[in-house]
Amino acid sequence: DSGVTQTPKHLITATGQRVTLRCSPRSGDLSVYWYQQSLDQGLQFLIQYYNGEERAKGNILERFSAQQFPDLHSELNLSSLELGDSALYFCASSVGVSADTQYFGPGTRLTVL
Amino acid sequence: AQTVTQSQPEMSVQEAETVTLSCTYDTSESDYYLFWYKQPPSRQMILVIRQEAYKQQNATENRFSVNFQKAAKSFSLKISDSQLGDAAMYFCAYRSAAILDSNYQLIWGAGTKLIIKP
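So, how was this worked out
Residues numbered from 1 in each chain as written. Chains lettered and ligands numbered in written order. Predicted model: local features only at pLDDT ≥ 70, side-chain atom pairs only at ≥ 80, totals over all residues. Heavy atoms only, no water. Pairing = 2+ DSSP bridges. Helix = DSSP H or I, 4+ residues; strand = E, 2+ residues; numbered from the N terminus. Axes fitted to C-alpha atoms, helices over the stretch in contact; angles between N-to-C directions. Contact = heavy atoms within 4.5 Å. Buried area = accessible area lost by both parts, 1.4 Å probe. Salt bridge = Lys/Arg side-chain N within 4 Å of Asp/Glu carboxyl O. Polar contact = N/O pair within 3.5 Å; in protein donor to acceptor, adjacent residues only side chain to side chain.

Caption draft 1: How the structure looks around the sheet that holds strand β1 (residues 5–7) of chain A. All names here are of chain A. Strand order in this open sheet of 4 strands is β1-β3-β8-β7, and the pairing throughout is antiparallel. Where the open sheet ends on each side, the last strands, each with one partner, are β1 and β7 (64–68). Taken pair by pair, the neighbouring strands of this sheet meet at an average axis angle of 15 degrees, ignoring direction. Strand direction decides the pairing type here: β7 and strand β8 (residues 74–78), joined by 5 bridges, are antiparallel. Following the sheet pairing, S65 is matched in β8 by N77.

Caption draft 2: Main features of the interface of chain B and chain A. Taken residue by residue, the interface counts 19 residues in chain B and 23 residues in chain A. Summed over both sides, the interface between chain B and chain A buries roughly 1800 Å², with carbon and sulfur atoms accounting for 51% of that surface. On the chain B side of the contact with chain A, R43, Y104 and W108 of chain B bury the most area, a combined 31% of that side's loss. At the boundary of chain B with chain A, the tally comes to 0 salt bridges. Counting every contact that joins chain B to chain A gives 7 residue pairs in polar contact (both at pLDDT 80 or more).

Geometric descriptors of this kind do not, in isolation, establish any biological role.
Here you go:
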């Protein structure tokens, strides 16, 4: 158990809908990262937050947005969902903005029908 | 831009034997971190081992060790005494250590599926 929690574990929805994925980092970690893993592929970095502020953006679609709240939990919002958005979404956390090791949550499996 | 390449989509090894997974990367930076993560069927991403580029000594964690060749930009993972529980996807990942670089994302290889034969 890495100490990073993600909810829900599974999510099934329809095209065009909007969903919210939630992540709670390890106690004491200020940085949160979001990654997307499509079927049998490596991970793609989406976005990073540090202590409530956005620090870096990767290949995140405009239909996706995220935020980190004062209690340091983070939410990833996915809207106007398409079939291709079906994937495993991971949250990871680290101590600081430059801390080298990221610890991963169990992931949320999103299925868009 | 940095890239990570894992050229072996799948590897198999007999239980109790030793197997080596390959990873190469491309970067112009001199300071960085390299990682191996394991993803079992549960899909949890588990850190196996990490290596700091400025350290010449190869990292070791129990049955897992790396062969880090900085000049060759190679970072292979050796698993000794393979166990059934080692069966998983193994991902190699790179992260910049540049202080002024605010992007600390992990850059991932495509993964190697490791099969353990009983």
